[in-house]
Amino acid sequence: CGVLPDGRVLTTDVGNQASGTGDGQLILWYPSLVGGEYPSFDPVAYCKLDVTLPTAQSILVVGDRVFVAAARGDVYVYDTSSFPSSPDAGGGCGHTDATGAPLADEVVRTTFIPAGEHGLATPAGLAPAPDAGFYVSSVFTGVINEYDLDGRFVRTILEPPAGEQVGAEPYSTGSPLGIGVDDTGTVFYADIGIVVSDDGVGPGDRTGSVRRIRFEGGEPQPPETMASGLEFP
């Protein structure tokens, strides 16, 4: 999720992972965000901004721009000035999607960081980097890259050891999904422990972990494991 300066909340939905189509969603929720008292919650007003994202993942709000990573797509940027001001036709949410849910009339989305180069195969996690840049993780390649504020590649701060492949055991450095940065600049990442088995490719049995990357003299150090034996952190 992400929060806009005016208090509206954004969430993503990964979509149907069994289909080959991109139907992940970006949804905008309007205050009041608490729909009554449990157990009889009232509906919270919302408008779907995008229903074509190929496996939508993390959201990062930076000023008047919203960045969304899509694991089967790219890292996209949305112009918040194109978002509907209210969840109705008068505010720019006059369409409906295939389920009949409210959908924005038009939202401006462009590709910010294309997937493919520098090991960025499956964009997932987003976090702010120094000098107004960005960190982006790629689960299936075990990579975290740094980009500048214009989306240009700066460096790779995490990648598996040379020659290492995912198999019955995950990458020794992990499969980074969600990422975050503390006020010292240390990068934390949730490693879901991707393995290859007879069931296909996915998180293994308690192969997940939480790790951190510290920096010395501006250079990333080998990751440190903070918790292990986790199920899909």
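Throughout, residues of each chain are indexed from 1 in the direction in which the sequence is written. Residues qualify for local features only when their pLDDT is at least 70, as the model is predicted, and side-chain atom pairs are given and counted only at 80 or more; totals for whole chains, interfaces and linings, by contrast, use all residues. Note that water and hydrogens are dropped before the side-chain values are worked out from all heavy atoms of the structure.

Caption draft 1: Geometry of the overall build of the protein. Numbering goes from the N terminus for both helices and strands, where a helix is a DSSP run of H or I of at least four residues and a strand is a run of E of at least two. Of the regular secondary structure elements, the protein holds 0 helices and 22 strands. Since a compact globule built from 233 residues should have a radius of gyration of about 17 Å, the 19 Å found for the protein is in line with a globular shape. Only protein chains enter the accessibility calculation, which uses a 1.4 Å probe. A residue is then buried if its area is under 20% of the maximum for its type, exposed if over 50%, and partly exposed in between. Here the protein holds 233 residues, and the buried ones make up 42% of them. Here the contacts in the protein between residues at least 6 apart in sequence split such that 46% fall between residues at least 24 apart. To measure how exposed things are, a 1.4 Å probe is used in the Shrake-Rupley method; for residues, cover is taken only from the protein chains shown. For the protein, the exposed area adds up to about 11,500 Å²; of that, 52% sits on carbon and sulfur atoms. If the 11 positive side-chain charges of the protein are averaged to one point and the 31 negative ones to another, these points end up 3 Å apart. Using C-alpha atoms as the atom set, the radius of gyration is obtained and then compared with a globule rule of 2.2 Å times the number of residues to the power 0.38. Contacts: residue pairs with any heavy atoms within 4.5 Å of one another. His is not counted here, nor are the chain ends, while Lys and Arg score as positive and Asp and Glu score as negative. Charged side chains are reduced to one point each, which is NZ for Lys, CZ for Arg, CG for Asp and CD for Glu.

Caption draft 2: Spotlight on the state of the cysteines. Throughout, a disulfide means two cysteine sulfur atoms within 2.5 Å of one another. Summed over all chains, the structure comprises 1 disulfide. Cys47 shares a disulfide with Cys93; S-S distance 2.1 Å. Between Cys47 and Cys93 the disulfide shows an S-S torsion of about 100 degrees. By sign, it is right-handed. Here Cys47 is found in strand β4 (residues 46-53), whereas its partner Cys93 is found in the loop between β7 (75-79) and β8 (95-96), with 46 residues between them in sequence.

Caption draft 3: Layout of the packing of aromatic side chains. Here a Phe, Tyr or Trp ring, Trp counted by its six-membered ring, pairs with any other such ring whose centre lies within 6.5 Å, and the pair is stacked when the planes are under 30 degrees apart, edge-to-face when over 60, and tilted otherwise. Per the counting criterion, the structure on display carries 6 aromatic pairs. Relative to Phe153, the ring of Tyr147 lies with its centre 5.9 Å away and its plane at 75 degrees, an arrangement referred to as edge-to-face. Since its relative accessible area comes to 31%, Phe153 is described here as partly exposed. What links up through ring pairs into an aromatic cluster is the set Phe67, Phe112 and Phe134. The rule is short: NZ of Lys or CZ of Arg within 6 Å of the ring centre and within 35 degrees of the ring normal puts a charge over the ring. The side chain of Arg109 reaches across the aromatic face of Tyr76, ending 4.1 Å from its centre.

Caption draft 4: Structural context of the nonpolar core. Core analysis: the biggest nonpolar cluster contains 19 residues, and Leu10, Leu26, Leu49, Val66, Tyr78 and Phe83 have the highest contact counts within it. Going through the elements one at a time, β3 (24-29), β4, β5 (56-62), β6 (65-70) and β7 are the ones with two or more residues in this core. Excluding anything up to four places from it in sequence, Phe83 contacts Leu4, Arg8, Leu10, Leu28, Leu49, Val66, Tyr78 and Val107. We call a set of buried Ala, Val, Leu, Ile, Met, Phe, Trp, Tyr and Cys residues a nonpolar core when their side-chain atoms join them within 4.5 Å. Residues Leu60, Val75, Leu126 and Phe134 belong to the second largest nonpolar core, which totals 12 residues.

Caption draft 5: Representation of the sheet that holds strand β15 (residues 176-181) in the model. Taken together, 4 strands build an open sheet; the order of strands is β15-β16-β19-β22 and the sheet is antiparallel. Both edges of this open sheet fall to β15 and β22 (224-230), since each of them pairs with a single strand only. Within the sheet, the average angular offset between the axes of one strand and its neighbour, ignoring direction, is 15 degrees. In short, DSSP must find at least two bridges between two strands for them to pair. Note: β15 against strand β16 (residues 187-191), 4 bridges, orientation antiparallel. Counterpart to Val181 in the pairing with β16 is Val187. Orientation is described by axes fitted as lines to C-alpha atoms, over the contacting stretch for helices, and by angles from 0 to 180 degrees between their N-to-C directions.

Caption draft 6: Structural view of the pattern of salt bridges. For this analysis, a salt bridge means a side-chain nitrogen from Lys or Arg found within 4 Å of a carboxyl oxygen belonging to Asp or Glu. Applying the stated criterion across every chain, the model contains 9 salt bridges. For Asp97, the salt bridge is made with Lys48, and the minimal N-O distance between the two is 2.7 Å. Taken together, the positions of Asp97 in the loop between β8 and β9 (102-103) and Lys48 in strand β4 put the pair 49 residues apart, joining distant regions of the chain. The class for Asp97 is buried, based on a relative accessible area of 13%. Through salt bridges that share partners, Asp148, Asp150 and Arg152 make up one connected network.

Caption draft 7: Focus on the environment of Thr52. Relative to the elements of secondary structure, Thr52 occurs in strand β4. Filtering out sequence-adjacent residues up to four positions away, Thr52 remains in contact with Gly22, Asp23, Gly24 and Arg109. Here a polar contact is taken to be a pair of N or O atoms separated by no more than 3.5 Å, where protein atoms must pair a possible hydrogen donor with a possible acceptor and residues adjacent in sequence count only if both atoms sit in side chains. In terms of polar contacts, Thr52 uses its side chain to reach the side chain of Asp50, at 2.7 Å.

Caption draft 8: The arrangement of the pairing of strand β17 (residues 194-197) in detail. Of the strand pairs in this sheet, β17 and strand β18 (residues 200-203) are connected by 4 bridges, and their pairing is antiparallel. When the bridges of β18 are listed, Val196 appears paired with Val201.

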